Protein chains: 2
Amino acid sequence: MTAGVILSLDAMGGDHAPDVVVEGLRIAHERFPDVQFLLFGDGERLTPLLEKAGPAAAMCSIRHTDQAVTNEAKPSQVLRTGRQTSMWLAAESVAKGEAAGVVSAGNTGALMAVSKFVLRTLPGIDRPAIAGLFPTERGETVMLDLGANVECSANNLFEFAVMGEVFARTVLGVEKPNVGILNVGAEDLKGNDAVRGAANTLRQSGLPIRFHGFVEGNDIGAGTVDVVVTDGFTGNIALKTAEGTVKLYSHLLRDAFGSSIMAKLGYLLARRSLTKVKLRTDPRRYNGAMFLGLNGIAVKSHGGTDALGFANAVGVAIELISQGFNERIKEELGRLSRPEQPQAANG
Amino acid sequence: MTAGVILSLDAMGGDHAPDVVVEGLRIAHERFPDVQFLLFGDGERLTPLLEKAGPAAAMCSIRHTDQAVTNEAKPSQVLRTGRQTSMWLAAESVAKGEAAGVVSAGNTGALMAVSKFVLRTLPGIDRPAIAGLFPTERGETVMLDLGANVECSANNLFEFAVMGEVFARTVLGVEKPNVGILNVGAEDLKGNDAVRGAANTLRQSGLPIRFHGFVEGNDIGAGTVDVVVTDGFTGNIALKTAEGTVKLYSHLLRDAFGSSIMAKLGYLLARRSLTKVKLRTDPRRYNGAMFLGLNGIAVKSHGGTDALGFANAVGVAIELISQGFNERIKEELGRLSRPEQPQAANG
């Protein structure tokens, strides 16, 4: 399924680039030995790293550029002057058809601006969103936006709901996903104009979406809905707060298991089972946030992740490509914009 | 220290009122046997509950009213027509000096509106905020606003930073607390106008506040700063997301410990230590969010908490009262608005 897939990587994006990028693709290569990589970045730094990357190196082509987008760069500035940056060139290779997707751990705002400019949005979508998966008591929930759009209108949130619903149906395989809008309370009057407006539009749209209504922060972990819709400011903070809470809990557990001989022995006995919990909640497992709403696959890795996390982001992109995800989203969006007549009316 | 303290309770506020309120005050009475309670609510429902409350009943006076604020009520509507509700009368008793503080588990927006109207804000404070404590790897962090103000200006956030800093210094006893503003990235350019404006004001204010800059969601659990400042929409969602994540993690742990004989045995051996982790992260332990910025002690309990959680909220109010917290906040705010000349200039 992955034979012939070519993926572009922004080798200079992220806090620990390019080292983590090359080590990440080396790990990804073990899982997807057929996939080829175009590596955009500083050739002088990438060449020695690839020499230590073993057999993965044979699947990589370096596309040299000495320009990179910094974390501090404003998206508008990158749009004006960033056409030779590793991020831009990597995204452009997808638009040109040289690669099927792009992965970057760089500046989120810039990646969104560049992807939107270079790849364009799908018809009917004003702003793309970043979507990611959260572990829940019931399985997994997709949440969007996780940070692409700091300020969102009611209509943006409505579009996120539509895209998230399609994503849950086509990629997660949930037959009839239910959708919730993140808010400070479940009552209709709670929140700001954007969330209330989006809820009204969803209710009045006539789209066949199972709209649950408002959900609160604790509903994310509970798995109350399959799709959680929110603006990029709140979503980013909720995502990182959840990650920080998992880290705190692990820290407290580690202390607890080290606090007595009995507890240490208990840990040894339960270790196998506890490792599963750790894997289940490992933020690196959920690394690889998808930009939904673009004419092309673009995946954003956490800027501070390690090689394993970056490899997971690469895996997300490869799976979206090999499943033909974007084609399915386009089909579904087309279907949603032409709602069928009710069956009874045709009889 | 608590002899003579009188606390007013909105007996009809919260999802499980009045039962949880009466059971909560019964538990609180065991910890604070000297404290007297004024119970505002439906006498016919409260009388039989108090009869089953044991010795705590002797410390309670019922102030009957048959009106209560619903969760669905708009704050503006409560301000117009809610003067005979249990919430209003409880807050009013503080303004009249009959009680030193008020605790309610009712409608947050209404409680804020009523408290602000009845108790008035402190000089120099435009909007009160809800503050709460979070467990962190380093101890505890105070975060505000947790839901009083859905939309906040830069100046609101600036005032929250000042109040939070004073709170951490006077109540938590941190000598030189550092303050962070919650944002989607640490860089100066990240975020919306409100957070960037508040950061600028803090830097240019000349106030002796140790301003760390922007922090992200994961910094809450890490304990990067002593005070986390945010708007009420984001703060409420971060709080509940953290609670939901703790619940999810506990759920996964419970499954893991039940998954094999070895794991069950491990749990038995480590149980004592694990109970400490559970207590440390129990949301009920952190129940009792404080309204900062008012001329009077007002504590908001989680609407869905149980009696133990409500008792903790009562405990928070009693401790704020017995520490003379509001006097100290007023002194500090006065001092901050009249910055002293640098020592060197006086020599």
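See the structure printed just above.
Analysis parameters
- Residues numbered from 1 in each chain as written.
- Chains lettered and ligands numbered in written order.
- Predicted model: local features only at pLDDT ≥ 70, side-chain atom pairs only at ≥ 80, totals over all residues.
- Contact = placed C-beta atoms within 7 Å.
- Helix = DSSP H or I, 4+ residues; strand = E, 2+ residues; numbered from the N terminus.
- Pairing = 2+ DSSP bridges.
- Axes fitted to C-alpha atoms, helices over the stretch in contact; angles between N-to-C directions.
- Least-squares fit on C-alpha atoms with pLDDT ≥ 70 in both.
- Buried ≥ 20, exposed ≤ 12 C-beta atoms within 10 Å, placed from the backbone.
- Parallel < 35°, antiparallel > 145°, perpendicular 65-115°, else oblique.
- Left-handed = near helix turned anticlockwise from the far one by under 90°.
- Nonpolar A, V, L, I, M, F, W, Y, C, P; charged D, E, K, R; others polar.
- Expected span 1.5 Å × (residues − 1).

Participant: Can you lay out the interface of chain B and chain A for me, pointing to particular residues and giving the numbers?
Facilitator: Contact with chain B, which involves 58 residues of that partner, is made by 58 residues of chain A. Breaking the side of chain B that touches chain A down by element, the ones donating at least two residues are helix 8 (217-222), helix 9 (232-257) and helix 10 (261-281) of chain B. No other element matches helix 9 of chain B, which puts 21 residues into the side of chain B that touches chain A.

Participant: Any chance you could break down the sheet that holds strand 11 (residues 297-300) of chain A for me, citing the residues and the numbers?
Facilitator: Residues and elements named next belong to chain A. Strand order in this open sheet of 11 strands is 3-2-1-4-11-10-5-6-9-7-8, and the pairing throughout is mixed. Looking at the sheet topology across the chains shown, the edges are occupied by strand 3 (60-64) and strand 8 (210-215). Direction aside, neighbouring strands of the sheet carry axes that sit 25° apart on average. Here strand 10 (residues 289-292) runs beside strand 11; their pairing, made up of 2 bridges, is antiparallel. Residue pairing in the sheet places alanine 289 in a bridge with lysine 300 of strand 11.

Participant: An account of the relation of the copies chain B and chain A is requested, with residue identities and associated values reported.
Facilitator: For the pair chain B and chain A, the best superposition has an RMSD of 0.1 Å and corresponds to a rotation of 180° with a translation of 0.0 Å parallel to the axis. The superposition of one copy onto the other is thereby described by a two-fold rotation axis. No C-alpha of chain B lies nearer the rotation axis than that of glycine 266 of chain B, which sits 1.8 Å from it. Both copies contact each other with a shared surface, as 100% of the interface residues of chain B are interface residues in chain A too.

Participant: Requested: an account of the environment of asparagine 156 of chain A, with residues and values cited.
Facilitator: Residues and elements named next belong to chain A. Inspection of the secondary structure puts asparagine 156 in helix 6 (residues 154-170). The exposure class assigned to asparagine 156 is buried, which follows from the 22 C-beta atoms found within 10 Å. Expressed as a C-alpha distance, the spacing of asparagine 156 and proline 128, which sit 28 residues apart in the sequence, is 8.8 Å. Here asparagine 156 is in contact with Asp126, Arg127 and Asn149, once residues within four sequence places are set aside.

Participant: Any chance you could break down the packing of helix 6 (residues 154-170) of chain B against helix 7 (residues 193-204) of chain B for me, citing the residues and the numbers?
Facilitator: Residues and elements named next belong to chain B. The geometry of helix 6 relative to helix 7 is characterised by a closest axis approach of 7 Å and an angle of 50° between their N-to-C directions. Comparing their axes, helix 7 and helix 6 come out oblique. Here the hand of the crossing between helix 6 and helix 7 comes out right-handed. Note on element contacts: helix 7 touches helix 6 through Asp193, Ala194, Val195, Gly197, Ala198, Thr201 and Leu202, opposite Ala154, Leu157, Phe158 and Ala161. Tallied by class, the residues present in the contact of helix 6 with helix 7 amount to 8 nonpolar, 2 polar and 1 charged.

Participant: Account for helix 1 (residues 19-31) of chain B, naming residues and giving values.
Facilitator: With 13 residues, helix 1 of chain B extends 19 Å from end C-alpha to end C-alpha; this agrees with the ideal 18 Å at 1.5 Å per step. Considered for burial, the residues of helix 1 of chain B that qualify are Val20, Val21, Val22, Glu23, Gly24, Leu25, Arg26, Ala28 and His29 of chain B.

Participant: Before we move on, could you go through the environment of leucine 122 of chain A and cite the residues and values that matter?
Facilitator: All names here are of chain A. You can see leucine 122 is positioned in the loop between helix 5 (108-119) and strand 5 (129-135). Given 19 C-beta atoms within a 10 Å radius, leucine 122 is considered partly exposed. On a C-alpha basis, the gap between leucine 122 and asparagine 295 in space is 5.7 Å, while along the polypeptide they are 173 residues apart. Residue contacts for leucine 122: discarding those within four places in its chain leaves Gly293, Leu294, Asn295, Ile329, Lys330 and Leu333.

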